[in-house]
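# Residue-level structural notes
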Amino acid sequence: MSTILETRGLTHVYGAGTPFERVALDHVDLKIEKGEILGVIGHTGSGKSTVIKLVERFADVSEGSITIEGIDIRDLSLHALRGQLGYVPQKAFLFSGTVEENVDYAADELNAERVRAAAEIAQADFVDDMDEGFKTEISQGGTNVSGGQRQRLAIARALATDARAFLFDDSFSALDYKTDAALRHALAEQLGGKTQIIVAQRISTVLNADQIVVLDDGRVVGAGTHEQLMEQGGFYAELYNSQFAQAS
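Residues numbered from 1 in each chain as written. Predicted model: local features only at pLDDT ≥ 70, side-chain atom pairs only at ≥ 80, totals over all residues. Heavy atoms only, no water.

Let us now look at the overall build of the protein. Within the protein, the regular secondary structure consists of nine helices and twelve strands. Taking 248 residues into account, the globule formula puts the C-alpha radius of gyration at 18 Å, and the protein, at 18 Å, falls close to it. Along the three orthogonal principal directions, the C-alpha set of the protein runs to about 50 × 45 × 45 Å. For the protein, the proportion of its 248 residues judged to be buried stands at 50%. Here the contacts in the protein between residues at least 6 apart in sequence split such that 68% fall between residues at least 24 apart. Accessible surface, the protein as shown: approximately 12200 Å² in total, 48% of it carbon and sulfur. Distance from the positive charge centre (22 side chains) to the negative charge centre (37 side chains) of the protein: 2 Å. (Helix = DSSP H or I, 4+ residues; strand = E, 2+ residues; numbered from the N terminus. Rg over C-alpha atoms; globule rule 2.2 N^0.38 Å. Buried < 20%, exposed > 50% of the residue type's maximum accessible area, 1.4 Å probe, protein only. Contact = heavy atoms within 4.5 Å. Areas by Shrake-Rupley, 256 points an atom, 1.4 Å probe, with all protein chains shown as cover. Lys, Arg positive; Asp, Glu negative; His and termini not counted. Charge placed at Lys NZ, Arg CZ, Asp CG, Glu CD.)

Okay, structure coming up:
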């Protein structure tokens, strides 16, 4: 396997030099192999979403580096960088237009087959029940569909691209547990060989990832598979036990 994405000494400070200065990430090292699923988990404010935002270059790192196949992302144009990444933000946003126009938003020409395949993986089967199916009009911001439906259409939009890696920034939080599980199964089955970074607060979302990185206060406090992290105990095991106790 070859390394597709790596961070070295990744450090990021919000509001540097101001009274509101806050260290969001503190020397985070990650290595993600081609085709691997990486889960990133931690409490709110742990820095996990900042990792995704820096990979997408919504901001440049304060210190350290992020490379894709050995190339520093700062040496790539934003168009070249983001063309390789299928990004789904925490808060899904839809545009005014039909369902298929929203899903195939990045394409020069609509492709109904591609749209339907992406929607199927994203568990957007509700579209078939809409009055006009994929031709149904979506209001600006997606106000005429539910939060979970918006999220699934946003996921389908990313999947309809030719991205080499997919970045899910807590994108499954609006989904119920059954849909979450079905979606993750479909991603594993259908994305064959494409890298995924899944940021989550729910451990169940990253349970079967090839590796899981645990962040707390901007630092890596655990890394490994679910089984390895449970054996290590500490923060991850406590989080797992608290979440599954709440769910039971």
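Taken together, six strands build an open sheet; the order of strands is β6-β9-β10-β3-β11-β12 and the sheet is mixed. Strands with a single pairing partner mark the edges of an open sheet, and in this sheet they are β6 (85-88) and β12 (219-224). Averaged over all pairs of adjacent strands, the angle between strand axes in this sheet comes to 15°, irrespective of strand direction. Sheet topology note: the strand β3 (residues 37-41)/strand β10 (residues 195-200) ladder contains five bridges and is parallel. The partner of Ile-37 across the bridge, within β10, is Gln-196. Across the face of the sheet, helix α5 (residues 147-159) comes into contact with β6 and β9 (165-169) while running at roughly 175° to β6. (Pairing = 2+ DSSP bridges. Axes fitted to C-alpha atoms, helices over the stretch in contact; angles between N-to-C directions.)

With that out of the way, let us pick up the layout of surface pockets. Approximately 590 Å³ is the volume found for the largest pocket. At four residues, the largest contribution of residues to the lining of the largest pocket is made by β6. Its residues assigned to classes, the lining of the largest pocket comprises 14 nonpolar, three polar and six charged. One number sums up the size of the second largest pocket: a volume of about 170 Å³. If you go around the second largest pocket, the residues you meet are Ile-37, Arg-184, His-185, Leu-187, Ala-188, Gln-196, Ile-198, Thr-205, Val-206, Asn-208, Ala-209 and Asp-210. Among the secondary structure elements, those contributing two or more residues to the lining of the second largest pocket are α6 (177-190), β10 and α7 (203-206). (1 Å grid on protein atoms, 1.4 Å probe; cavity = no way out; pocket = protein on both sides within 12 Å on 5 of 7 lines; lining within 4 Å. Points joined across faces, edges and corners; volume = space filled by probe spheres on them. Nonpolar A, V, L, I, M, F, W, Y, C, P; charged D, E, K, R; others polar.)

One open sheet accounts for four strands, arranged β2-β1-β4-β5; its pairing is antiparallel. Since the sheet does not close on itself, it has two edges, and those belong to β2 (22-33) and β5 (71-72), each with one partner. In this sheet, strand β4 (residues 63-68) lies alongside strand β1 (residues 3-14) in antiparallel orientation, the contact comprising five bridges. In the strand pairing of β4, Thr-7 is matched with Ile-66.

Time to look at the packing of aromatic side chains. Scanning the model with the defined rule gives five aromatic pairs in all. A ring pair is formed by Phe-168 and Phe-172, whose centres lie 5.4 Å apart and whose planes are at 40°; its orientation type is tilted. By relative accessible area, Phe-168 is classed as buried at 0%. Since its relative accessible area comes to 2%, Phe-172 is described here as buried. In this structure an aromatic cluster arises from ring pairing among Phe-93, Phe-95 and Tyr-105. The ring centre of Tyr-105 lies 5.8 Å from the NZ or CZ of Arg-157, which sits over that ring. (Phe/Tyr/Trp six-rings, centres within 6.5 Å; stacked < 30°, edge-to-face > 60°. Lys NZ or Arg CZ within 6 Å of the ring centre and 35° of its normal.)

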